[in-house]
Amino acid sequence: MRTQVGIIGAGPAGLFLALLLAREGIESVILEARSREYVEGRVRAGVLEQGTVDLMHQLGVADRLMRESMTDRILDIRFEGRLIHMDMPDLVNGREVRIYGQQEVVKDLIAARLAAGGELLFEAEAMALEDIAGARPAIRFQHKGEEHRLECDVIAGCDGFHGIARLAIPADALTIYDHIFPFGWLGILSESPPLADMTYANHARGYALASRRSPRIARLYLQCTPDEDLAQWPDARIWEELHIRLNADTSELAEGRIFQKGVTPVRSFVAAPMQYGRLFLAGDAAHIVPPTGAKGLNLAAADVRVLARGLVPFLRKNDGSLVERYSQTCLQRVWKTVRFSNYMTTLLHRFPTHTPFERQIQLAELDYIAGSRAAQTVVAENYVGLPMDG
Ligand code: APR
Ligand code: PHB
């Protein structure tokens, strides 16, 4: 088998990349280890920056997004009985985010890829990469019980944090930046009307977040321990804790049937550079951010935009001038996003190691944001997403 771009992983990074390349007449094959059902059912965050929404429009995959997603103007932070109420379009020139589950994005991208007749193999697990430093790299993969070899001009490692692409790069060629926070997030989906506005809460008992998926589906999170045992969290305890931390009783935050529960780690990770020879890493394969701010999907989309822009002249006329700056260009945005996710995480969570001094600094920061339009603008500008080339 042979293709121009061998893409490992059918998450947002791999799927967006394949569609961007196809638009320019560049062929690719996507290898995805899991089944279509599994990939489409994986529940993750659901906040799309303006730039990600624009990308869906450009690719012609925004119809359902525009019908079913909700615009999100407001970002609220509750703390100590107080409220910071930020109107994003007012603070940052009409820009806003949209609420649309990541798995809905993935469903739309898969549908578009298959409708266009593009190659996308499910249950095709990449096992090894060959000759990534040379001119004819290849991916060895297993599909339907057989071993195959996909020869490519370049390989895009879009295989997420636990994939094999990053591990194929010699350890001494990579610098790893890793920070694990001493807590996790317990996330639920509930059949109940959500709070009207996206609401983050800093509470002495720990952080909480009230988001939504539709007017009838709430997406809610509670800070928990990194290895929290879900058996310790019967529904009644989850609701009780949400009411306390969000300072919202049942008249404001209605309870409903919880139909999904999971624990997410809270971690920052960056592997640099994001390229080695003819292997390019994109999305979670290269970096993860804490979920606070919901930047993971948006960062993956930004990476592959830069990658596609560089690969097109390289594969068409052997002009590598853009693609050789891929890592450098992406990492500027990555680090600014890691910074913002780190800031929001530090601002809103209860750290088991906090001294009374650190707790007072946290409260002073919240008090400052509450009283300063300049500080609110900084939060809103990052929340809606930095400009694509910023
Ligand atoms: N062979 C083939 N596919 C693989 C392999 C492999 N060896 N290893 C992993 N994969 C697949 C996974 O099954 C997954 O579907 O790669 C895909 C990676 O997708 P994501 O984890 O969604 O990563 P990415 O596309 O970078 O999207 C980033 O998604 O992970 C979330 O929170 C993250 O929101 C962020 C966004
Ligand atoms: C979500 O809706 O899943 C979500 C929203 C905001 C965040 C994180 C996750 O900061």
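Notes on the structure in this doc start here. (Residues numbered from 1 in each chain as written. Chains lettered and ligands numbered in written order. Predicted model: local features only at pLDDT ≥ 70, side-chain atom pairs only at ≥ 80, totals over all residues. Heavy atoms only, no water.)

With respect to the nonpolar core
Note on soluble globular proteins: their nonpolar side chains tend to be buried together. Just so we agree on the cut-off: Note on terminology: a nonpolar core comprises buried Ala, Val, Leu, Ile, Met, Phe, Trp, Tyr and Cys residues joined through side-chain atoms within 4.5 Å. Exposed residues in this analysis have more than 50% of their type's maximum accessible area, buried residues have under 20%, and partly exposed residues fall in between, with area computed by a 1.4 Å probe over protein chains only. Numbering goes from the N terminus for both helices and strands, where a helix is a DSSP run of H or I of at least four residues and a strand is a run of E of at least two. A contact between two residues is defined here by any heavy atoms of the two lying within 4.5 Å.
Core analysis: the biggest nonpolar cluster contains 79 residues, and Val-5, Phe-16, Leu-17, Ile-139 and Leu-311 have the highest contact counts within it. The element contributing the most residues to this core is helix H8 (residues 296-317), with 12 residues. When sequence neighbours within four positions are dropped, the list of residues in contact with Leu-311 reads Val-5, Leu-21, Ile-26, Val-154, Phe-280 and Val-323. Core analysis: the next-biggest nonpolar cluster, separate from the first, contains 35 residues, Met-70, Leu-209, Ala-294 and Met-344 among them.

Quick look at the side chain of Gln-362
Filter applied, for reference: Pairs of N or O atoms are called polar contacts if they sit within 3.5 Å, as long as, within protein, a hydrogen donor faces a hydrogen acceptor (for residues adjacent in sequence, only side-chain-to-side-chain pairs).
Counting through the fold element by element, Gln-362 comes out in helix H10 (residues 356-371). Residue Gln-362 is classed as buried on the basis of its relative accessible area of 5%. Of the polar contacts made by the side chain of Gln-362, one reaches the backbone oxygen of Leu-347; its length is 3.2 Å. Beyond its immediate sequence surroundings of up to four residues, Gln-362 is in contact with Asn-202, Thr-346, Leu-347, Leu-348, His-349 and His-354.

What about the pattern of salt bridges?
Filter applied, for reference: In the sections that follow, a salt bridge refers to a side-chain nitrogen of Lys or Arg positioned within 4 Å of a carboxyl oxygen of Asp or Glu.
For the coordinates displayed, the defined rule picks out 25 salt bridges. In this structure, the salt-bridge partner of Glu-24 is Arg-316, at a minimum N-O distance of 3.1 Å. Residue Glu-24 is found in the loop between helix H1 (12-23) and strand E2 (28-31), and its partner Arg-316 is found in helix H8; the two are separated by 292 residues along the sequence. On the basis of relative accessibility, which here comes to 54%, the residue Arg-316 falls in the exposed class. Asp-367 serves as the salt-bridge partner of Arg-82, at 2.9 Å between the closest nitrogen and oxygen. Taken together, the positions of Arg-82 in strand E6 (residues 82-87) and Asp-367 in helix H10 put the pair 285 residues apart, joining distant regions of the chain. With relative accessibility at 38%, the residue Arg-82 sits in the partly exposed group. Residue Asp-367 is classed as partly exposed on the basis of its relative accessible area of 39%.

Observations concerning the site of ligand 1
The test is simple: Here, proximity means that at least one heavy atom of the residue falls within 4 Å of the molecule or strand. For the area figures, the Shrake-Rupley method with a 1.4 Å probe applies, and any residue is considered shielded solely by the protein chains shown. Residues are grouped as follows: nonpolar covers Ala, Val, Leu, Ile, Met, Phe, Trp, Tyr, Cys and Pro; charged covers Asp, Glu, Lys and Arg; every other residue, Gly included, is treated as polar.
Surrounding ligand 1, one finds 24 residues, the nearest of these being Glu-32, Arg-42, Arg-44, Gln-102 and Asp-284. Between ligand 1 and Arg-44, the relevant distance is 2.6 Å, taken from an oxygen atom to a side-chain nitrogen or oxygen of the residue. A distance of 2.7 Å is found between an oxygen atom of ligand 1 and a side-chain nitrogen or oxygen belonging to Gln-102. When isolated, ligand 1 has an accessible area of 700 Å², and the protein chains bury 88% of it. At the level of elements, H1, strand E9 (124-130) and H8 are the ones that each hand at least two residues to the shell around ligand 1. Within the shell around ligand 1, the residues separate by chemical class into 10 nonpolar, seven polar and seven charged.

That is the geometry; function is a separate question.
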